[in-house]
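Remarks on the overall topology
Chain by chain, the residues run as shown.
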Amino acid sequence: MKRIALLKERHAFAGATSTATGSHCPASGLWSPESDSRTVLSFFEGQVFPAFDGVATVWRRRSPGTAN
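These remarks concern the structure in this document. (Residues numbered from 1 in each chain as written. Predicted model: local features only at pLDDT ≥ 70, side-chain atom pairs only at ≥ 80, totals over all residues. Heavy atoms only, no water.)

1. Here we look at the overall build of the protein chain
When helices and strands are counted, the protein chain shows 1 helix and 4 strands. Ordered by position from the N terminus, the helices and strands of the protein chain form the series α-β-β-β-β. Each of the 68 residues in the protein chain was classed as buried or not, and the buried ones make up 26%. For the protein chain, the exposed area adds up to about 4,600 Å²; of that, 59% sits on carbon and sulfur atoms. (Helix = DSSP H or I, 4+ residues; strand = E, 2+ residues; numbered from the N terminus. Buried < 20%, exposed > 50% of the residue type's maximum accessible area, 1.4 Å probe, protein only. Areas by Shrake-Rupley, 256 points an atom, 1.4 Å probe, with all protein chains shown as cover.)

Following this line, the structure appears as structure tokens:
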């Protein structure tokens, strides 16, 4: 299990805007799969990003104001 990052490490990862299936979530928030920007899911720091519709994808971080 991935350890929770220290505060100074969180600031370094907070700027991450995309990551791939199988990677650990660098920061809690709203994320969308690259193939479907209308889908918005919430992930917590340390969770492993899943495949979307059975296919590996790139997950992009969303700002709270862009989620509908």
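2. As for the pairing of strand β2 (residues 29-33)
With 3 bridges connecting them, β2 and strand β3 (residues 41-43) associate as antiparallel partners. From the neighbouring strand, glycine 29 faces β3, where its bridge partner is phenylalanine 43. The pairing of β2 with strand β4 (residues 58-62) spans 4 bridges and is antiparallel. The partner of serine 32 across the bridge, within β4, is arginine 60. (Pairing = 2+ DSSP bridges.)

3. Topic: the packing of aromatic side chains
Going through the model one piece at a time under the given rule, you end up with 5 aromatic pairs. On the numbers, 5.9 Å between centres and 20° between planes, the contact of phenylalanine 49 with tryptophan 59 is stacked. Taken together, the residues phenylalanine 49 in the loop between β3 and β4 and tryptophan 59 in strand β4 connect sequence positions 10 residues apart. Here phenylalanine 49 falls in the buried class, since its relative accessible area comes to 1%. According to the relative accessible area criterion, tryptophan 59 is buried, its value standing at 0%. When the ring of phenylalanine 52 is compared with that of tryptophan 59, the centres are 6.2 Å apart and the planes differ by 85°; the resulting orientation is edge-to-face. Pair check on accessibility: phenylalanine 52 and tryptophan 59 agree, each one buried. Members of the aromatic cluster, each reached through a chain of ring pairs, are Trp31, Phe43, Phe49, Phe52 and Trp59. (Phe/Tyr/Trp six-rings, centres within 6.5 Å; stacked < 30°, edge-to-face > 60°.)

4. Details of the nonpolar core
One broad rule of soluble globular proteins: the nonpolar side chains tend to lie buried together. In terms of nonpolar packing, the biggest core is built from 6 residues, these being Cys25, Trp31, Phe43, Phe49, Phe52 and Trp59. Once residues lying within four places of it in the same chain are set aside, the contact partners of phenylalanine 49 are Thr19, Ala20, Thr21, Gly22, Ser23, His24, Cys25, Pro26, Trp31, Phe43 and Trp59. (Core = buried A, V, L, I, M, F, W, Y, C linked by side-chain atoms within 4.5 Å. Contact = heavy atoms within 4.5 Å.)

5. Remarks on the environment of arginine 61
Turning to its location among the elements, arginine 61 is positioned in strand β4. Looking at arginine 61, the relative accessible area reads 30%, which means it is partly exposed. Linking arginine 61 and tryptophan 31, residues 30 residues apart in sequence, is a C-alpha distance of 4.4 Å. There is a polar contact of 3.1 Å between the side chain of arginine 61 and the backbone oxygen of serine 28. (Polar contact = N/O pair within 3.5 Å; in protein donor to acceptor, adjacent residues only side chain to side chain.)

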